[in-house]
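# Observations on the model geometry
If you want the building blocks of each chain, they are given just below.
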Amino acid sequence: MGIPMREEHLFTLCFADDQVVIAQDEEDLSYMMRRLNEEYKDARLEINLDKTEYLQTNSEVTQNLKVDDDVEIKGTDKFKYLVYTITQNGGTDEEIKRRLGQTRSCIRQLHTIIWSKSIHRKTKQMIFLTIVRSIMTYGAEVWVTNKRSRGKILTVKWSIGEGVAGSPGWIDYGMKRLGTE
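The present account deals with the structure reproduced in this document.

Thresholds applied
- Residues numbered from 1 in each chain as written.
- Predicted model: local features only at pLDDT ≥ 70, side-chain atom pairs only at ≥ 80, totals over all residues.
- Heavy atoms only, no water.
- Salt bridge = Lys/Arg side-chain N within 4 Å of Asp/Glu carboxyl O.
- Helix = DSSP H or I, 4+ residues; strand = E, 2+ residues; numbered from the N terminus.
- Buried < 20%, exposed > 50% of the residue type's maximum accessible area, 1.4 Å probe, protein only.
- Core = buried A, V, L, I, M, F, W, Y, C linked by side-chain atoms within 4.5 Å.

### Topic: the pattern of salt bridges
Enumeration over the complete set of coordinates arrives at five salt bridges. In this structure, glutamate 39 engages arginine 35 in a salt bridge whose closest nitrogen and oxygen atoms are separated by 3.4 Å. Taken as a pair, glutamate 39 and arginine 35 lie in helix H1 (residues 26-42) at a separation of four residues, close to a single helical turn. Taking relative accessible area as the criterion, arginine 35 reaches 35% and is therefore assigned partly exposed. Among the charged side chains, a salt-bridge network with shared partners connects Arg35, Glu38 and Glu39.

Now the structure itself:
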C-alpha cells in the first residue's frame, strides 16, 4: 500500500481537514478508501463525496472509482492540494503557468511603482525581493522544468529586471531555485 519512500511507505498526507490517500494502483486505492470509509463510519464521520476526487497519474483514463455499493469517487485529470496543482501527467507545467500568471498580475499592480523615477532603485529591489519573488517562486523547489518552461520563467524574470533596475542582471540574486541559471 502507498508508495515506497526509503524504508517506509507513504500512504496518506493530512492537513487540517484535507486528506490525500496515495496508492500504487486502483485495487490498493479502492481497498484503502473502503477501509478509510469504515473507520470514518465507526467514528461517526462521513467522507464528503462531493469534494472527494481521485487522480491516477501517468494515465489517460479518468473514470469514477467504485469503493462500495454506495460509495463512488469521481476521477479527475487534476486537482489542487493546499496551493499546489497536481496533474495527471505528473508534470508541473500547469503550476508554473499559474505562478507566472500570478507574478504578471502582481507586476501589473505594481507597475507605477516599478517604473517610477521618483522611487529609489533599492526600494524597488526590496519590493521585488519581498513581494514579487515570493509569489513567483512559491513551491519552485519541486517544479520539474523543461526548456520551454525555463524560457517562460526567464521571460518574466527579465521583464521584471528591466523595470526594477533598468537591467535584468541583478535579478539573478535569489532566483537560483527556479533552475534557470
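### A few points about the nonpolar core
Leu100, Ile107, Val132, Met136, Ile153, Val156 and Ile160 are the most contacted members of the largest nonpolar core, which totals 15 residues. Every element with two or more residues in this core is listed here: helix H2 (93-109), helix H4 (121-137) and helix H5 (147-165). Leu29, Met33, Leu36 and Ile47 belong to the second largest nonpolar core, which has nine residues in total.

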